[in-house]
Amino acid sequence: MKKLLFIIFCLCLSTWGVQAQTRVVKGTVISKTDKAPIPGATVYNQNTKGGVATDIDGKFSLKVNAGDTLMISFIGFKTQHIKIVNQKELNVTLEEESVQIDDVVVIGYGSRNVKTLTGAINTVSAKKLEMLPVPNFDQAMQGQAPGMLVMSSSGAPGAAADVSVRGINSITAGTTPLYIMDGVVVAAGDFQSLNTADIESVTVLKDAASTSIYGARASNGVILITTKRGTYGQQGRVNLRVQHGWSTIANKKDDMMNTSQRLDYEEMIGMHAGDPNYDRADYEGIDVDWQDVIYNDHAPTTSYDLSISGGSQTIAYYMSANYMTQEGIAPMSDFTRYNFRLNWEGKVKPWLKAGGSLTLGHEKNDATQTGRDLIANPANTALLMLPYWNPYKEDGSITVPGDGSWKGEGYNPLEAYAKNRFFRERTKGVGSLFLEVNPIEGLTVKSILGLDGGVAHDIHLGQPSFSWNNGDGSRADQYLRNYTLTMTNTLNYKFSLAHELHNFDILLGQEAIQNETDNLSGSVTGLSDDRLVQLSSGITPASVGGGKNESSFLSFFGRLSYSLDDKYFLDLSLRTDGSSRFGADNRYATFWSAGAMWRIVDEAFMEKIPFISNLQLSVSAGTSGNSSIGDYDHLALIVGGASYNGISAWVPTGLGNESLTWEKLFDINVGLKIGLWNRLNMSIEYYNKKTTAMLMSVPISLTNGFSSWMDNVGKMRNQGIDFQLDATVLKYGDFMWNFTGNFSYNQNKILELYNGQDYYALGNAGSFLKVGDSYGSIQAVRYAGVNPANGDAMWYDKDGKLVNKFSTEDKVSLGKSYIAPWYGGFTNNFSYKGIQLSVFFTWVADRYMLNSTRYFTENNGRSPQYNQSTKMFEAWQKPGDITEIPRYGIVMETDDHLIEDASFLRLKNLSLAYSLPSSVLKYTKVVEAVKIFVQAQNLLTFTKWSGFDPEDTSYQSVGAYPTTKQFTFGIDLTF
């Protein structure tokens, strides 16, 4: 009995001891920043392996033993470890992770730390964009990211740039990247309505691992634009930036004849032979440099930017307004923009967030004519008008043919610019609303509704008072409206296993996009009074027209991201797209990608190599598609408006092709990132992209009534290298010198055309497609120079034999391309205390272009009534002369001697800034920061190109609006 009582006593004592050791601890988890409770935070007992999540008020209750260690964690906050001694209640404050904004990049439908990326992604920060004095952000991107070629084919105010990512991936279908701003698809080419100062960062997605989540629209790369936002708990901040400057022509041609030279030339070619009324003295008193007449060397530009940002504990906001005006260097060309933006978001509940953004832009653009017209185009006028044709009377007014004051051919072009006008007025809006729910720890459900839309009004007005119109004026109007509606729903779940050894990020989503465009146009003639120039003022019946297009996409997608021990990373994505641009049997296609990355630098064996601060190896492969064709190309259509025996009729406009389907792209990418001594970082990437089932317009038998139709034919490959370098060259005390640079090389090759063909001539002269050659290859007849015996021009035929007769049948491939295979940019930044100096260069190499301007200025006898280059004095005169210019009367042909090297190195931006020290500003109690800056844009250009400017996107250059130099000074104030 005693033994039994002893055993019972011991058991009771043991039970009492356990009860004394095990107890319940209660607590609350809050944020250090705003003191708000954190629902869904994990409270994990590392000893008992048990845990709970905090409730909606951030509270928890958990059984513990003395000596246990609790791990409290939540995404975006630093993890805390607390050892239990005798606490009964815990008040835990979590501090937000100190992640630099430069370490986080935006990816498709989310964001990621740069150290975890498996794909080819480059980010350009606001610091590199916001100060540049350009109206379009795409122009500011030139030379900023490897693999992205940005070229501006016009220096006109508000003109858009052409952007391509890793080469031209399609022939007939679109080649423009997909642009997404804050989750909303935005139209390319409309960026003049957006304010570059509102942009926080631009992320360029280049390979399949980063782009395939966007599926069919991503074959040409994806550019993600993130705009500035406020910060929770941040005191309100006001920023005012004012810039003023002027523009002048970047490169003036100095080889055109002055009056004395022109008269010598006219006498040399016998232009006045036998004219008894010719007296050289009648002309020598006038010497007009038409480049000075046409181009303004002090065209002003002004910009005002005002932004207000901040936030309370539950609301963050960013508001901005911008006014910009830029006068063009050519007559009657200018650009004015008004812009407003509002970004906001709020914590409605601890588990619910809502927000939105709105951008409104209104622009007015007076545009001068460009292209081939010899008289109405300022670029041609500046070169071809004779130096003794005076554009002004003695009183300063314009000379006109009507009163005999204009002595030149045709009409005075200055009168044409003033009386023939081109106007555009556009209003654009981009808006979005989002709702984000966090029902449980790690799970985010988000919906975004976005709209990108705009209306535009174009006017072409020919005033009746223009002498060439003979009192008969005209007007043409066109109204355009477009919108893109995007609805995106995503479910994102992040969780970890085995004490954060295994990390998972799962994304599921659905997206629907609706596009609609329509236009209405009308024109009249018979206007008789400059004061009455509306459509209703014409006396002839108005011509009207219009149309409407619609298209839609429906998509479903998913992505799995996995990391092991923060050293090994894997991304898998899958997306199915449906497009209304294809028939019902071919409407849907599925695209995929897989990417892996190894952070070698974090391996234990790397501890023995301390000077290597970063080492990452990544590889990816996947597919994407292209459907950028006409909305109705797959349909056989008819159109009204025709006439048959005097009766209105319908006629077919195309055969249609219900077999049309997606153009497909397969992409492989291998990348290596290396960091040395925490001051030198470089990356190199190799890619190989193959486009198949290309959407092309190809010839067919005329027995169908049409000469071509759209089909899936052909193959093309792009392969190349992207390289980027970032180095702190020197750091000594307060002085720092930083260098960043990048270069890219892309090799394009046509692998297959249609129906076994190996050659296909394109519409523009000299451009063609040939199996084995690159897209953009140039062909021409080869010029052999001048026969010294008789001054005749000579050429080589296609077999290389010397001939004296030009024939287009003798064209051969020159092994040159008008699409640059080499391009890049580099910047040197110097800073000393508050002084900053930035020197930014861009460059393009191994690019060639047909200089068609020379066809008019160096054509010895083709257009003798217009001014010529001084090179004409080098023309053949007598037997034995060795020259490249034949005798007068032997006119120039469009052969390879007009094809010039259009490579260039350009000092794109030179800026000097000074920031006032805070020790001075603290006495104001109002101003937090002041930066004063001056800068020059396109200051120097080094090139062999003989025209106005080598920067163009086409095969031939003629009459393009010249690039300008811009000089700007400004001040940036923060309150």
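Residues numbered from 1 in each chain as written. Predicted model: local features only at pLDDT ≥ 70, side-chain atom pairs only at ≥ 80, totals over all residues. Heavy atoms only, no water.

Visitor: Looking at this model, I keep getting lost on the overall build of the protein. Mind explaining?
Guide: The secondary structure content of the protein amounts to ten helices and 52 strands. C-alpha extents for the protein along the principal axes are approximately 150 × 75 × 65 Å. Every one of the 975 residues in the protein was classed for burial, and the buried ones make up 48%. If you sum the accessible surface of the protein, you get close to 44,400 Å²; carbon and sulfur atoms cover 57% of it. Taken as two groups, the 84 positive and 99 negative side-chain charges of the protein have centres that lie 11 Å from each other. (Helix = DSSP H or I, 4+ residues; strand = E, 2+ residues; numbered from the N terminus. Buried < 20%, exposed > 50% of the residue type's maximum accessible area, 1.4 Å probe, protein only. Areas by Shrake-Rupley, 256 points an atom, 1.4 Å probe, with all protein chains shown as cover. Lys, Arg positive; Asp, Glu negative; His and termini not counted. Charge placed at Lys NZ, Arg CZ, Asp CG, Glu CD.)

Visitor: Explain the sheet that holds strand β16 (residues 222-227) here, please?
Guide: Sheet strands pair via backbone hydrogen bonds, and the direction of the pair is either parallel or antiparallel. Read across the open sheet, the five strands follow the order β10-β15-β16-β13-β14; overall the sheet is mixed. In this open sheet, the two edge strands, each paired with only one partner strand, are β10 (121-125) and β14 (184-186). Shown here is a sheet whose adjacent strand axes are inclined to one another by a mean of 25 degrees, direction ignored. (Pairing = 2+ DSSP bridges. Axes fitted to C-alpha atoms, helices over the stretch in contact; angles between N-to-C directions.)

Visitor: Just to check I follow, could you spell out unusual backbone geometry for this structure?
Guide: It is generally the case that most residues other than glycine have a negative phi and that most peptide bonds are trans. With phi around 55 degrees, His 499 is a residue other than glycine that occupies positive phi space. With respect to the helices, strands and loops of the structure, His 499 is situated in the loop between β24 (473-497) and β25 (502-527). Its identity as a non-glycine residue notwithstanding, Asp 565 has a phi of 60 degrees, on the positive side. Of note, Asp 565 is situated in the loop between β26 (543-564) and β27 (568-579).

Visitor: Which parts of the structure should I look at to understand the environment of Leu 360?
Guide: Here Leu 360 shows up in strand β21 (residues 352-367). Using a relative accessible area of 42% as the deciding quantity, one classes Leu 360 as partly exposed. Taking the C-alpha atoms as reference points, Leu 360 and Gly 453, separated by 93 residues in sequence, lie 9.9 Å from one another. With sequence-adjacent residues up to four places away left out, Leu 360 is seen in contact with Tyr 338, Asn 339, Phe 340, Lys 428 and Gly 429. (Contact = heavy atoms within 4.5 Å.)

Visitor: What's the story with the sheet that holds strand β43 (residues 802-803) in this structure? I'm lost.
Guide: What the three strands build is an open sheet, ordered β41-β42-β43; its pairing is antiparallel. Where the open sheet ends on each side, the last strands, each with one partner, are β41 (782-786) and β43.

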